[in-house]
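A look at the structure
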Amino acid sequence: GALKYVCVCVCVCVCVCHAGVKLEARHCEALEEIFRRVYVNVLNLEGCGLEDDGALALLEMVEFYEAAHILILSNNPKLQRQTWLALSRMMKRAAFLHYIDLSQTAVDMNAVPLVGRSLRANCPLVTLHLERNSLSGPRLVILAAALKANTCLAHLYVGDNGLTAEDALMLGAMLKGNRRLELLDIRDNHLLDQGVVLLCQALSTQEHGLTALVLWNNRFTSKSVPAMATMLALHKTLHTLEVGRNRLGNDGMDSLKLGLMRNRSILRLGIMELGLTTTGTIALAEYIGESPVLETVNVRRNNIKLGGLLALARAHKLSQTVTKLDVDTNIKCDQVLTVLCCTCDTYTGGVCLCCCSVSS
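Residues numbered from 1 in each chain as written. Predicted model: local features only at pLDDT ≥ 70, side-chain atom pairs only at ≥ 80, totals over all residues. Heavy atoms only, no water.

**A closer look at the overall build of the protein chain**
Counting secondary structure elements, the protein chain contains 14 helices and 12 strands. Every one of the 360 residues in the protein chain was classed for burial, and the buried ones make up 51%. The contacts in the protein chain between residues at least 6 apart in sequence include a share of 87% that link residues at least 24 apart. For the protein chain, the exposed surface amounts to about 15500 Å²; the carbon and sulfur share of it is 55%. (Helix = DSSP H or I, 4+ residues; strand = E, 2+ residues; numbered from the N terminus. Buried < 20%, exposed > 50% of the residue type's maximum accessible area, 1.4 Å probe, protein only. Contact = heavy atoms within 4.5 Å. Areas by Shrake-Rupley, 256 points an atom, 1.4 Å probe, with all protein chains shown as cover.)

Right, dumping it as C-alpha cells:
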C-alpha cells in the first residue's frame, strides 16, 4: 500500500545518491511530500553527500512530521556545525527517534560536545552507531562522560575508531556508572591486553547491566584472559560474548573455560579465529557439554582436526541447550561424515552441527 510505496521511493533516492549523485537541498525539500502523507519508519540517507543546507532541511522535516524511528546518516562526512546543532536539538526533543547511525560522519571536536550534551540530557535514543569516526582520545572522554549519566541508551557501536587501552579506561569508568547500556560493540579497535583487562575489571564490579560485549579483532592475547574469566564468573546478565579474531590460542581457551564454567548467563559465544587446535577445542568441548544455558557457539576458522571435531560431537550429545555449533574444518569429507553420523546416533532434538569441510 502507501507505506510500501514510500519505502520504495526513499530507497530509490538513497540508492541513486549512494551511486554518486549528490542529494542537494532541492531534493531534500521534495521529500516533504512523502513525509506529509505517510509515515516512514526508516529513513536511510547513507552516502548521499549531504551538506548543511540539505541536512538542515531534512532534520526540520523529520522533527516536524515525526517521520522516522530509524535515521541513518552514515558516510556523510561533510556535515558541519549547524547540522550537528540541529541534530542535537532533535535528539533531545524527538521522543519518536530511537535509532541513529552516524558512522563515518567525521564526528569532530565541534560535533562530539553537541552529541554528548543530548546524551547527558537523557534523550530517548536507544541505539547509536558511531563507527569509523576516529573517536580515540578527548572525543571519547566527552562521550563516555555523557553516557555515564545516561539512562536511555541501550546499544552503543564504536567499532573501528582506533580506540586504545586509555580509551578502555574511559569506557570502564562509564560502565561502572551506567546500568542501562545493554550492548557495547568495540570491534576492530586496538585495546590490546591492557585495555581488555581494564574493561573486564570494570565489568567485574557491575554484576548486572551489560548483556552483549563484542571484542572482535582487538589484538589481545591469553594474557588478558584471566581478567575476562574473573569477570565472567561474577557477571550475571552477559548473554553474548564475541572474542573472535584475537590471539588467545589454546592457553587462552583453557583459561577462558574456567570463567565460562562458573558463568550461568552466556547464551551466545563467538570464538572464531583464535588459533585453536585440538587441545583448545577439547577445552571448549568440556564447557559446551556442561553449560546449562549455552545455545550458540561459533568456532569457525580455527585449526580443528578430527580429534577436536569428535570432542565437539560428544559435547553435542551431552548438551541439553546448544542448538547451533558453527564449525569448519579441513579434514576429509568421509571423516566429517563419520563424526556427523556419531552425533546423529544419539540425537536428542534441536541440535544442529553446522560443519563446512574442505577436502584435502
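**Details of the packing of aromatic side chains**
Going through the model one piece at a time under the given rule, you end up with one aromatic pair. Ring centres 4.9 Å apart and planes at 90° place the aromatic pair Phe64 and Tyr65 in the edge-to-face group. Assessed through its relative accessible area of 22%, Tyr65 is described here as partly exposed. (Phe/Tyr/Trp six-rings, centres within 6.5 Å; stacked < 30°, edge-to-face > 60°.)

**Describing the packing of helix 12 (residues 278-290) against helix 13 (residues 306-318)**
At a minimum axis separation of 8 Å, helix 12 and helix 13 run at an interaxial angle of 0°. Judged by the angle between their axes, helix 12 and helix 13 are roughly parallel. Contact with helix 12, carried on its side by Thr278, Thr281, Ile282, Leu284, Ala285, Ile288 and Gly289, involves Gly307, Gly308, Ala311, Leu312, Ala315 and Leu318 of helix 13 and no other residues of that element. (Axes fitted to C-alpha atoms, helices over the stretch in contact; angles between N-to-C directions. Parallel < 35°, antiparallel > 145°, perpendicular 65-115°, else oblique.)

**Here's the deal with the packing of helix 6 (residues 112-120) against helix 7 (residues 138-148)**
Helix 7 packs onto helix 6 with a crossing angle of 10° between their chain directions and a minimal axis gap of 8 Å. One way to sum up the angle between helix 6 and helix 7 is to call them roughly parallel. Residues Val112, Pro113, Gly116, Leu119 and Arg120 of helix 6 lie in contact with helix 7, whose contacting residues are Arg139, Ile142, Leu143, Ala145, Ala146 and Leu147. Each residue belonging to the contact of helix 6 with helix 7 can be placed in one class, and the counts come to eight nonpolar, one polar and two charged. (Nonpolar A, V, L, I, M, F, W, Y, C, P; charged D, E, K, R; others polar.)

**A few points about a positive patch on the surface**
Side chains of Arg81, Arg89, Lys92 and Arg117 sit close together on the surface and give a patch of like positive charge. Looking at the positive patch, the element that brings in the most residues is helix 5 (residues 81-93), giving three residues. Taking the relative accessible area as the measure of exposure, Arg117 reaches 46% and is therefore partly exposed. (Patch = residues over 30% accessible without salt bridge, like charges linked within 9 Å, V, L, I, M, F, W, Y side chains within 5 Å. Salt bridge = Lys/Arg side-chain N within 4 Å of Asp/Glu carboxyl O. Lys, Arg positive; Asp, Glu negative; His and termini not counted. Charge placed at Lys NZ, Arg CZ, Asp CG, Glu CD.)

**Some remarks on the confidence of the model for the protein chain**
Reading predicted coordinates in detail is not appropriate for stretches of low pLDDT. Confidence in the prediction for the protein chain averages 86 pLDDT; 85% of positions are at 70 or higher. Low pLDDT, under 50, characterises residues 345-351; the stretch is placed with seven contacts to residues that sit more than four places away or in other chains. (pLDDT = per-residue confidence, 0-100.)

**Re helix 7**
Taken together, the buried positions of helix 7 are Arg139, Leu140, Leu143, Ala144, Ala146 and Leu147. Buried residues of helix 7 fall within an arc of 160° about the axis and therefore sit on the same side. Elements that come into contact with the buried residues of helix 7 comprise helix 6, strand 5 (155-157) and helix 8 (165-177). (Arc of directions from axis to C-beta.)

**Description of the side chain of Asn189**
Mapped onto the elements, Asn189 comes out in the loop between strand 6 (183-185) and helix 9 (192-204). In terms of polar contacts, Asn189 uses its side chain to reach the backbone amide nitrogen of Leu163, at 2.9 Å. Among the polar contacts listed, one links the side chain of Asn189 to the backbone oxygen of Arg187, at a separation of 3.1 Å. Residues in contact with Asn189, not counting those within four places in the same chain, are Val158, Gly159, Asp160, Asn161, Gly162, Leu163, Asn217 and Asn218. (Polar contact = N/O pair within 3.5 Å; in protein donor to acceptor, adjacent residues only side chain to side chain.)

**Observations regarding helix 8**
With 13 residues, helix 8 should reach 18 Å at 1.5 Å per residue; the first-to-last C-alpha distance of 19 Å fits that figure. Among all positions in helix 8, only Ala165, Asp167, Ala168, Leu171, Gly172, Met174 and Leu175 are buried. One side of helix 8 carries all its buried residues, which in axial view fall inside an arc of 160°. Next to the buried residues of helix 8 lie helix 7, strand 6 and helix 9. (Expected span 1.5 Å × (residues − 1).)

**Details of the nonpolar core**
Counting residues in each nonpolar core, the largest one holds 100 residues, and the members touching the most others are Ile186, Leu213, Met228 and Leu284. Counting residues per element, this core draws most heavily on helix 4 (residues 52-65), which supplies six residues. Every residue in contact with Met228, bar those within four places of it in the chain, is listed here: Val196, Cys200, Leu215, Phe220, Leu241, Val243 and Leu256. (Core = buried A, V, L, I, M, F, W, Y, C linked by side-chain atoms within 4.5 Å.)

**Some remarks on the environment of Asp254**
One can find Asp254 in helix 11 (residues 249-261). The exposure class of Asp254 is partly exposed, given its relative accessible area of 40%.

**Focus on the environment of Ala173**
Take Ala173: it is sitting in helix 8. Classification of Ala173 by relative accessible area gives partly exposed; the value is 31%. Distance from Ala173 to Lys148, taken between C-alpha atoms, is 7.8 Å for residues 25 residues apart in sequence.

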